[in-house]
Amino acid sequence: MTQFPPYVGLGGRAWFYGYRSFCGLVLLFLMAPILVIVPLAFNSQPYFTYPIPGFSLRWFEAIWQDTIWLQAIRNSIVVAVASTAISTSLGTLAAIGLMRKDLPGKGLITAILVSPMIVPIIITAVGSYFFYSSVGIANSLTAIILSHAALGTPFVVITVTATMVGFDQSLTRAARNLGASPLYAFRTVTVPLVWPGILSGALFAFATSFDEVVTVLFLGGVEQRTVPRQMWSGVREQLSPTILAVATVLIVISVAMLLTLEFLRRRNARMRGLAD
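Counting starts from 1 at the beginning of each chain's written sequence and moves along it residue by residue. Predicted model: local features are reported for residues with pLDDT of at least 70 only, side-chain atom pairs are reported and counted for 80 or more only, and whole-chain, interface and lining totals are derived from all residues. Side-chain descriptors were evaluated using all non-hydrogen atoms of the structure, hydrogens and water having been removed beforehand.

Q: Is there a simple way to explain the overall build of the protein chain in this structure?
A: Scanning the protein chain for helices and strands turns up 11 helices and zero strands. Across the protein chain, helices and strands are ordered from the amino to the carboxyl terminus as α-α-α-α-α-α-α-α-α-α-α. Whether two residues are in contact is decided by their heavy atoms, any of which lying within 4.5 Å being enough. Within the protein chain, counting contacts between residues at least 6 apart in sequence, those at least 24 apart form 66% of the total. The helix count covers DSSP runs of H or I at least four residues long, the strand count covers runs of E at least two residues long, and both are numbered beginning at the N terminus.

Q: Honestly, helix α3 (residues 67–98) in this entry has me stumped. Any pointers?
A: The periodicity of an α-helix, 3.6 residues per turn, causes residues three or four places apart in sequence to face the same way. Counted at 1.5 Å a residue, the expected span for α3 with its 32 residues is 46 Å, and the 45 Å between its end C-alpha atoms agrees. Capping of α3 at its N-terminal end is provided by D66; its side-chain oxygen lies 2.9 Å from the backbone amide nitrogen of I68. Each residue after the first adds 1.5 Å to the expected span of a helix. Pairs of N or O atoms are called polar contacts if they sit within 3.5 Å, as long as, within protein, a hydrogen donor faces a hydrogen acceptor (for residues adjacent in sequence, only side-chain-to-side-chain pairs).

Q: Can you walk me through helix α6 (residues 141–163) in this structure?
A: Between its first and last C-alpha atoms α6 spans 32 Å; for 23 residues at 1.5 Å apiece the expected length is 33 Å, and the two agree. Along α6, the helix axis deviates most sharply at G152, where the bend reaches about 30 degrees; the proline P154 sits within four residues downstream. At every residue, the bend is computed as the angle between two fitted axes, covering the seven residues ending there and the seven beginning there respectively.

Q: Could you clarify how one ought to interpret the side chain of S140 in this entry?
A: Along the polypeptide, S140 turns up in the loop between α5 (121–134) and α6. A relative accessible area of 18% places S140 in the buried class. Those residues in contact with S140 that sit more than four places away from it in its chain are L219 and Q224. The rule is simple: take the accessible area with a 1.4 Å probe, protein chains only, and divide by the maximum for that residue type; under 20% is buried, over 50% is exposed, in between is partly exposed.

Q: Explain a nonpolar patch on the surface to me, please; I cannot follow it from the model alone.
A: Note on patches: the residues involved have over 30% relative accessible area and no salt bridge, like charges join within 9 Å, and the nonpolar side chains Val, Leu, Ile, Met, Phe, Trp and Tyr join within 5 Å. Only the protein chains shown count as cover for residues, with accessible areas throughout obtained via the Shrake-Rupley method and a probe of 1.4 Å. Counted as salt bridges are all cases of a side-chain nitrogen of Lys or Arg within 4 Å of a carboxyl oxygen of Asp or Glu. Taken together, the side chains of F22, L25, V26, L27, L28, F29, L30, M31 and L35 define a hydrophobic patch exposed on the protein surface, amounting to about 950 Å² of accessible area. Looking at the element boundaries, M31 is found in helix α1 (residues 10–41). Since its relative accessible area comes to 35%, M31 is described here as partly exposed.

Q: Just to check I follow, could you spell out the nonpolar core for this structure?
A: A general feature of soluble globular proteins is that nonpolar side chains tend to end up buried together. In these notes, a set of buried Ala, Val, Leu, Ile, Met, Phe, Trp, Tyr and Cys residues joined through side-chain atoms within 4.5 Å is what counts as a nonpolar core. Ranked by size, the top nonpolar core spans 18 residues in total, and within it I63, W69, V227, M231, A245 and V246 carry the most contacts. Broken down by secondary-structure element, the contributors of at least two residues to this core are α1, α2 (58–65), α3, α10 (227–237) and α11 (241–275). The element that contributes the greatest number of residues to this core is α11, accounting for five residues.

Q: Would you explain the environment of V160 in this entry?
A: Checked against the element boundaries, V160 lands in helix α6. Taking the C-alpha atoms as reference points, V160 and V194, 34 residues apart in sequence, are found 7.0 Å from one another. Residue contacts for V160: discarding those within four places in its chain leaves T92, A95, G197 and I198.

Q: I would appreciate a short explanation of the packing of helix α4 (residues 106–118) against α6 in the present structure.
A: Two quantities define a packed helix pair, namely the angle between the helix axes and the distance between the axes. Note on definitions: angles span 0 to 180 degrees between N-to-C directions of axes, and those axes are lines fitted to C-alpha atoms, for helices only across the stretch in contact. Contact geometry for α4 and α6: axes closest at 8 Å, N-to-C directions at 120 degrees. The angle between α4 and α6 falls in the class oblique. The two elements α4 and α6 meet at a crossing, and its hand is left-handed. Contacts between α4 and α6 pair L113, V114, P116 and M117 from the former with A150, L151, P154, F155, V157 and I158 from the latter. Small angles under 35 degrees read as roughly parallel and large ones over 145 as roughly antiparallel, with 65 to 115 read as roughly perpendicular and the rest as oblique. Left-handed describes a crossing whose near helix is turned anticlockwise from the far helix through less than a right angle; right-handed describes the clockwise counterpart.

Q: Can you help me understand unusual backbone geometry in this one?
A: Negative phi values dominate among residues other than glycine, just as trans dominates among peptide bonds. In the Ramachandran plot, N139 falls in the positive-phi region, its phi being about 55 degrees despite a non-glycine side chain. Mapped onto the elements, N139 comes out in the loop between α5 and α6.

Q: Would you take a moment to explain the packing of α3 against α6 for this structure?
A: Two elements in contact, α3 and α6, have axes separated by 6 Å at closest approach and are oriented at 40 degrees. Between α3 and α6, the angle falls in the class oblique. Between α3 and α6 the crossing geometry is right-handed. Residue type decides the class: Asp, Glu, Lys and Arg count as charged, Ala, Val, Leu, Ile, Met, Phe, Trp, Tyr, Cys and Pro as nonpolar, and the leftover types, Gly among them, as polar. Of the residues that constitute the contact of α3 with α6, the class distribution is 15 nonpolar, 10 polar and no charged.

Q: How do you make sense of the packing of aromatic side chains when you look at a structure like this?
A: The geometry of two aromatic rings is summed up by the distance between their centres and the angle between their planes. Each aromatic pair joins two rings of Phe, Tyr and Trp (for Trp, the six-membered one) with centres within 6.5 Å, and gets the label stacked for planes under 30 degrees apart, edge-to-face for over 60, and tilted for any other angle. Applying the stated criterion across every chain yields a total of six aromatic pairs. Centre to centre, the rings of F131 and Y132 are 5.2 Å apart; their planes meet at 70 degrees, and the pair counts as edge-to-face. Plain terms: the ring middles of F155 and F204 are 6.0 Å apart, the flat faces sit at 15 degrees to each other, and that makes the pair stacked. Taken together, the positions of F155 in helix α6 and F204 in helix α8 (residues 182–211) put the pair 49 residues apart, joining distant regions of the chain. Given the relative accessible area of 23%, F155 is considered partly exposed. Among the residues examined, F204 registers a relative accessible area of 34% and is labelled partly exposed. Following the ring pairs from residue to residue traces out a cluster consisting of Y129, F130 and F218.

Q: Would you explain the environment of Q230 in this entry?
A: Among the secondary structure elements, Q230 is positioned in helix α10. Looking at Q230, the relative accessible area reads 12%, which means it is buried. Between the alpha carbons of Q230 and I68 there is a distance of 8.2 Å; along the sequence they are 162 residues apart. The residues contacting Q230, other than those within four sequence positions of it, are I68, W69, A72 and R225. Within the local environment of Q230, its side chain forms a polar contact with the side chain of R225, the two groups lying 3.1 Å apart.

Next comes the structure, spelled out in structure tokens:
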């Protein structure tokens, strides 16, 4: 039970409980779609009604028995991993470069790097389609990987830049003065200190790629179906509880990623506290 100081009156206590009740209702409103989806994924019957007649794992088993879903999962994993590797590498290097105080046009470069987060995704998808069609790689996983890498790079730039705000550049200069090459100093000094930001950005980039569907609709053919595109097609063509099972799996993955990000945030805050 919450203990209030003696000077907190009835009005203060009413505000305390009222504010928290309102926050709880907002959280319930945001969580309601998830709370509805998850039980239906375990429905023993192919109906979207409550109460469910019984619990079953048949729809989760159907995922692994359907070659289309298996292909979509494989494509999503390949695209997400490859695009995350590209965006993490490019975003980390860009963030380190942006930390230089003497960098000319720093504001313009930053705006260009984060523009994929600001420009509507449909515009990005159309532009990517015409560009990759002109170079002959549309309707391929390569085009999807490159477009998703462009979408994920801003997240890496932002998280790594935020992590490097308290980074002591004298550590890198000391390593260079001791004879370390720029690459060796980066690998042994910079990366170990900013890896929480790098990993956080990589998780954001992975989630962005795994969840993205608009560019896949433009750049992907039948053989390049990803999980979000297959879910979108299933909703349009044949609504099945298998989609709810896939959505439940994605919810579990998202929760795991959020917990990982929270762990990294607390660890980064603890390291900054020790440094101070």
